[in-house]
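Summary of structural features
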Amino acid sequence: SVPPGMLPLCHRPPAWGRAARQPPSLPLAPCRAFSNNKIIVELDESSGVATMKFKSPPVNSLSLDFLTEFCISLEKLENNRACRGVIITSAVPRIFSSGLDITEMCGKSTEHYAEFWRAVQEMWLRLYGSNMVTVAAVNGSSPAGGCLMALSCDYRIMVENPKFSIGLNEAQLGIVAPFWFKDTFVNVVGHRVAERSLQLGSLHPAPEALKFGLVDELVPEEKLQEKTGAVMAQWLALPDHARQLTKSMMRKAVLDRLVAHREEDIQNFISFISKESIQKSLRMYMEMLKKKKG
Amino acid sequence: SVPPGMLPLCHRPPAWGRAARQPPSLPLAPCRAFSNNKIIVELDESSGVATMKFKSPPVNSLSLDFLTEFCISLEKLENNRACRGVIITSAVPRIFSSGLDITEMCGKSTEHYAEFWRAVQEMWLRLYGSNMVTVAAVNGSSPAGGCLMALSCDYRIMVENPKFSIGLNEAQLGIVAPFWFKDTFVNVVGHRVAERSLQLGSLHPAPEALKFGLVDELVPEEKLQEKTGAVMAQWLALPDHARQLTKSMMRKAVLDRLVAHREEDIQNFISFISKESIQKSLRMYMEMLKKKKG
Amino acid sequence: SVPPGMLPLCHRPPAWGRAARQPPSLPLAPCRAFSNNKIIVELDESSGVATMKFKSPPVNSLSLDFLTEFCISLEKLENNRACRGVIITSAVPRIFSSGLDITEMCGKSTEHYAEFWRAVQEMWLRLYGSNMVTVAAVNGSSPAGGCLMALSCDYRIMVENPKFSIGLNEAQLGIVAPFWFKDTFVNVVGHRVAERSLQLGSLHPAPEALKFGLVDELVPEEKLQEKTGAVMAQWLALPDHARQLTKSMMRKAVLDRLVAHREEDIQNFISFISKESIQKSLRMYMEMLKKKKG
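Residues numbered from 1 in each chain as written. Chains lettered and ligands numbered in written order. Predicted model: local features only at pLDDT ≥ 70, side-chain atom pairs only at ≥ 80, totals over all residues. Heavy atoms only, no water.

1. So, the relation of the copies chain A and chain B
In plain terms, the rule: Fitting of the copies onto one another was done by least squares over C-alpha atoms, counting residues only where both copies have pLDDT of at least 70.
Superposing chain A onto chain B takes a rotation of 120° plus a shift of 0.0 Å along the axis, which leaves an RMSD of 0.0 Å. With respect to symmetry, the two chain copies, as superposed, fit the operation of a three-fold axis. Within chain A, Gly190 of chain A has its C-alpha nearest the rotation axis, a separation of 4.2 Å.

Following this line, the structure appears as structure tokens:
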């Protein structure tokens, strides 16, 4: 039966696994209640392109509710034959997503940590393994989990504002990016850039992000929508089937690695995050954020 | 015994495997009849450098006959102690090689598909695993299988004509580059460039190919021969034994992967190419090529 | 018990393995006699930064004595809680390190080769796997094993003198860089640059080394110390624990590979180096060096 905390999204195996295996016969579970207003989803049926706009102020942090809504929305699009491509972007000024919601990782129960981490994994498995063309229109800063979402797309366009930065800065907070964040990063920027950037917890301003290959191109903010549409059209010009099989060939090894170690990865997260020293640094970080705001 | 369709070239294991294992005791089979005029082979015994010039108009497509002749010629050079390096280039204007011959993949028998695919594998195993220094003098466009041949060499020099392009454009035809095309590509340009280029089926004009590392340098057409000779001399200045062991160390993992999955890869090719939808897109593609010509 | 030739450094498992396993209960062995003046070690307790200056004229070659001293010194720093970072540099003008001492590989006993090779492995395991921040201040040429030491650090700063070169030039000497030299190189510069550079045994002048990513930046000689200090401070600004776990995540696969094949690697080295043809080329190379000097 479905373990507690399992998102009831898995009636169907994720896209990248379809060819290889039978859908697991999970019992249909009643849908978990979740807010349904953190992400605006619009589908243009004529072009087959959906846009998912993150609208969870102040900073689009990846809370359990946000992640659940993201996964369910993406799943619906994945199953909709009218939809072939997805653009993810932000409806909040100056921020794409601030990454994992630290309040979900502070002072909560073991069960909560497990449920939260499973949702983070699920988000990545579905996005990195999506059969659709995925383009990130990065119109604001994008640290940590926000960066992971961008890295998981097929193409990244960032607004050329040097005040916007992107990177896996977990080390700055005293925590460690999980191996599958790292694998995704290495697949985009290579081993050396990833090693240095992860150890320093670097947040790269847009021009540096372009130089290191974290994003594929920069555009002025007012050109972002036009450019994103043009890139999407270019990718959609390819026959879906060949493109999907090619994408799966490139990403399967890294996706399979998390699938094979998923429960272990959850246990690692729980035992790491439950340490008093880690809880303390997260509390200090939250205090700092509050003061900054105030 | 030798399976039907097996090229009778394997009296000796390929170069890359020599150190690791005993030659398999395959029975000597009579040579398969094959045309012997699609590739002009010249060996300069003073320098130890052979040149293989593809002369199979109109586009040097990799037919079963072409591949068989290529493998036998390469094998002869590999066994010739007077030969230490090979240059591959084209004798047909404006085209290096158009890649796999689509007529071999359309409306043929399962046995034919198996024989053809085994020949494609054999070409790659012998070229990517060659003990000799291999340099591609890319003097024309080089899509798909033509690109693979260039990628399998130690060094790639391309004529700086922006009308000449190179890339693994299989996805454009609705087909998928096999995993060992992909492995070879990733080893040259890295994961990110390969992922994007393979999904888009990109054909990169010469200047872009240089920028992405698909080729090592560009030269004006009239300098190609001189430059190729100079590069070959530089590589031949190294002691063969150390260079060969180093090359094998770099390429063995990827070569071994096909050797371990060779029959499976043939079956995959057959079942993919036999699909009515794939046959249909290949027929459409051939029609398009005919119209273009006419 | 400790095999003969084993450096008695392993009372504690190397840093990179600490989290994963219990320290092996090796018997305490009396310290092997070793010279103690080839490396000047200075620790600035206020900053937590140690400097190891190679002072083994004429060329800081990596003899058994040098390697033993290096490992013991590094081990002491690793165990010293006051030390968080190490800078390696040279006190000999114009040379960082000339690499493995060829006299240790010529005309010696099998036992000696085994002891020497184990010391080379130990140096790499400890340096590449160090928990401390490691920065190479490359103030001179750095071929072969000298290059490996630089590649094993977290960051490389080189003096911008184009007369100084760096690279794994083993192939030039008719020998082959071991797989873990290659793995370390690929992790820094990627597969393609490594393949070409290793096969050609290239020594890259400083500007080219920067272009290929072998070193992270170039500075004028008079700015080297200041710049190295600034880089070290930047890396030390990160919390140790998160940085160490991140470093281990990036390097563990490659470190584990040598640990798993260590004895086999020693046997390979012995049988390779014992070949008469290899002994002959090493003798010729030493003759050439002597003539050059004289």
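Still to come is the rest of the account.
2. Some points on the packing of helix α4 (residues 179-189) of chain C against helix α5 (residues 191-200) of chain C
Residue and element names in this part refer to chain C. Worth spelling out the cut-off: Axis angles are defined between N-to-C directions and span 0 to 180 degrees, where every axis is a line fitted to C-alpha atoms and, for a helix, only to the segment in contact. Strands here are runs of E lasting at least two residues and helices are runs of H or I lasting at least four, both read from the DSSP assignment and numbered beginning at the N terminus. An angle counts as roughly parallel when it lies under 35 degrees, as roughly antiparallel when it exceeds 145, as roughly perpendicular when it falls between 65 and 115, and as oblique in every other case. Note: crossing handedness is left-handed where the near helix turns anticlockwise from the far helix by less than a right angle, and right-handed where it turns clockwise. Residues are treated as being in contact if the distance between any of their heavy atoms lies within 4.5 Å. Amino acids outside the nonpolar list (Ala, Val, Leu, Ile, Met, Phe, Trp, Tyr, Cys, Pro) and the charged list (Asp, Glu, Lys, Arg) are all regarded as polar, and Gly is one of them.
Between α4 and α5, the shortest axis-to-axis distance is 7 Å and the interhelical angle comes to 130°. As the angle between them shows, α4 and α5 are arranged oblique. Regarding α4 and α5, the two cross each other, and that crossing is right-handed. Touching Lys182, Phe185, Val186 and Val189 of α4 are His191, Val193, Ala194, Ser197 and Leu198, all from α5. For the contact of α4 with α5, a count of residues per class yields 6 nonpolar, 2 polar and 1 charged.

3. A closer look at the interface of chain A and chain B
Frequently, the measure chosen for interface size is the accessible area that the parts lose on association. Inclusion rule: Buried area is calculated as the accessible area (1.4 Å probe) missing from two parts once they are joined, with the contributions of both summed. Counted as salt bridges are all cases of a side-chain nitrogen of Lys or Arg within 4 Å of a carboxyl oxygen of Asp or Glu.
Listed as interface residues are 20 residues of chain A and, on the opposing side, 21 residues of chain B. Summed over both partners, the interface of chain A with chain B buries about 1,800 Å², with 62% contributed by carbon and sulfur atoms. Of all residues in chain A, Leu238, Met249 and Met250 of chain A bury the most surface against chain B, accounting for 34% of the area lost on that side. The interface formed by chain A and chain B includes 3 salt bridges.

4. Things to note about the interface of chain C and chain B
The cut-off we apply is this: Polar contact is the term for a pair of N or O atoms within 3.5 Å; when the atoms are in protein, one must be able to donate a hydrogen and the other to accept it, and sequence-neighboring residues count only if both atoms are side-chain atoms.
Taken together, the contact pairs 21 residues of chain C with 20 residues of chain B. In total, chain C and chain B occlude about 1,800 Å² of area from one another, counting both sides; carbon and sulfur atoms represent 62% of this. Taken as a group, Arg192, Gln199 and Leu200 of chain C account for 39% of the area that chain C buries against chain B, more than any other trio of residues on that side. At the junction of chain C and chain B, the tally comes to 3 salt bridges. Here Arg192 of chain C makes a salt bridge to Asp216 of chain B, at a shortest N to O gap of 3.0 Å. Remark: the boundary between chain C and chain B carries 6 residue pairs in polar contact (both at pLDDT 80 or more). It is α5 of chain C that provides the largest number of residues to the side of chain C that touches chain B, a total of 8 residues. Split by residue class, the side of chain C that touches chain B holds 11 nonpolar, 5 polar and 5 charged.

5. Section: helix α4 (residues 179-189) of chain B
Two residues of an α-helix separated by three or four positions point the same way, owing to the 3.6 residues in each turn. Residues and elements named next belong to chain B. Just so we agree on the cut-off: Residue burial is assigned from relative accessible area. The probe radius is 1.4 Å, only protein chains are included, and a residue is buried under 20% of its type maximum, exposed over 50%, and partly exposed in between.
Across the 11 residues of α4, 10 count as buried, placing the element largely inside the fold. Buried within α4 are the following residues: Phe179, Trp180, Phe181, Lys182, Asp183, Thr184, Phe185, Asn187, Val188 and Val189. Remark: Gly190 follows α4 within two positions and exhibits a positive phi of approximately 90°.

6. Regarding the environment of Gln279 of chain B
Residue and element names in this part refer to chain B. The topology assignment puts Gln279 in helix α10 (residues 276-293). As for Gln279 and Gly107, which are separated by 172 residues in sequence, their C-alpha atoms are 7.5 Å apart. Ignoring anything within four residues of it in the chain, the contact list for Gln279 reads Met105, Cys106, Gly107, Tyr113, Ile273 and Ser274. Within the local environment of Gln279, its side chain forms a polar contact with the backbone oxygen of Met105, the two atoms lying 2.8 Å apart.

7. Overview of the sheet that holds strand β5 (residues 94-95) of chain A
Residue and element names in this part refer to chain A. Short version of the rule: For two strands to be treated as a pair, DSSP must find at least two bridges joining them.
Spatial strand order, β5-β8-β10-β11: 4 strands in an open sheet with mixed pairing. Both edges of this open sheet fall to β5 and β11 (204-205), since each of them pairs with a single strand only. When strand β8 (residues 140-143) meets strand β10 (residues 165-167), the two strands line up parallel, connected through 2 bridges. Paired with Pro143 across the bridge in β10 is Gly167.

8. Description of the packing of helix α3 (residues 144-151) of chain B against α4 of chain B
All names here are of chain B. Where α3 meets α4, the closest approach of the two axes is 10 Å, and the angle between their N-to-C directions is 50°. On the basis of the axis angle, α3 is oblique to α4. The interaxial crossing formed by α3 with α4 has left-handed handedness. Contact with α3, carried on its side by Gly145, Leu148 and Leu151, involves Trp180, Phe181, Thr184, Phe185 and Val188 of α4 and no other residues of that element.

9. Details of the environment of Ser56 of chain A
Note that Ser56 of chain A resides in the loop between β2 (49-54) and β3 (61-62). If we skip the residues at most four places from it in the chain, Ser56 of chain A touches Lys38, Ser61, Phe66 and Val92 of chain A.

10. Topic: the pattern of salt bridges
Evaluated as defined, the whole model comprises 55 salt bridges over all chains. The residue Asp183 of chain A makes a salt bridge to Arg257 of chain A at a minimum N-O spacing of 2.7 Å. A residue pair is termed long-range when its members are at least 10 positions apart, and Asp183 of chain A in helix α4 (residues 179-189) and Arg257 of chain A in helix α8 (residues 240-260) qualify at 74 residues. According to the relative accessible area criterion, Asp183 of chain A is buried, its value standing at 6%. Since its relative accessible area comes to 37%, Arg257 of chain A is described here as partly exposed. We note a salt bridge from Arg283 of chain C to Glu276 of chain C, for which the minimum N-O separation is 2.9 Å.

11. Observations concerning the packing of aromatic side chains
Inclusion rule: Two aromatic rings, drawn from Phe, Tyr or Trp (for Trp, its six-membered ring), form a pair once their centres lie within 6.5 Å of each other, and the interplanar angle then sorts them: stacked below 30 degrees, edge-to-face above 60, tilted otherwise.
Under the criterion given, the structure shown has 30 aromatic pairs over all chains. Considering the side-chain rings of Tyr113 of chain A and Phe269 of chain A, the 6.4 Å spacing of their centres and the 90° angle between planes classify their relative orientation as edge-to-face. Remark: Phe269 of chain A occurs in helix α9 (residues 262-273) and Tyr113 of chain A occurs in helix α2 (residues 110-128); sequence separation between them is 156 residues. Ring centres of Phe54 of chain B and Phe96 of chain B lie 5.6 Å apart, and the angle between their planes is 55°; on these two criteria the pair is classed as tilted. Taken together, the positions of Phe54 of chain B in strand β2 (residues 49-54) and Phe96 of chain B in the loop between β5 (94-95) and β6 (99-100) put the pair 42 residues apart, joining distant regions of the chain.

12. Considerations on the environment of Tyr155 of chain B
Relative to the helices and strands, Tyr155 of chain B is located in strand β9 (residues 155-159). Counting along the chain gives 20 residues from Tyr155 of chain B to Val135 of chain B, while the straight-line C-alpha distance between them is 4.9 Å. With near-sequence residues (within four places) excluded, Tyr155 of chain B lies in contact with Thr134, Val135, Ala136, Asp216, Glu217, Val231 and Trp235 of chain B together with Arg192 and Arg196 of chain C. A distance of 2.7 Å separates polar atoms of two side chains, one belonging to Tyr155 of chain B and the other to Glu217 of chain B.

13. A closer look at the confidence of the model for chain A
Residue and element names in this part refer to chain A. Put simply, the test is: Every residue carries a pLDDT, the predictor's confidence in it, which falls somewhere between 0 and 100.
Of the residues in chain A, 87% have a pLDDT of 70 or more, and the chain-wide mean is 89. Contacts of residues 1-34 to residues separated by more than four positions or lying in other chains number 54 contacts, the stretch itself having pLDDT below 50. Reported confidence for the predicted complex is 0.88 by ipTM and 0.89 by pTM.

14. Looking at unusual backbone geometry
Cis geometry marks the peptide bond from Pro57 of chain B to Pro58 of chain B, where omega comes out at 10°. Tracing the backbone through its elements, the reader meets Pro58 of chain B in the loop between β2 and β3 (61-62). Even without being glycine, Asn60 of chain A reaches a positive phi, approximately 50°. Position of Asn60 of chain A relative to the elements: it lies in the loop between β2 and β3. With a relative accessible area of 0%, Asn60 of chain A lands in the buried category. The phi torsion at Arg94 of chain A lies on the positive side, around 70°, for a residue other than glycine. Checked against the element boundaries, Arg94 of chain A lands in strand β5.

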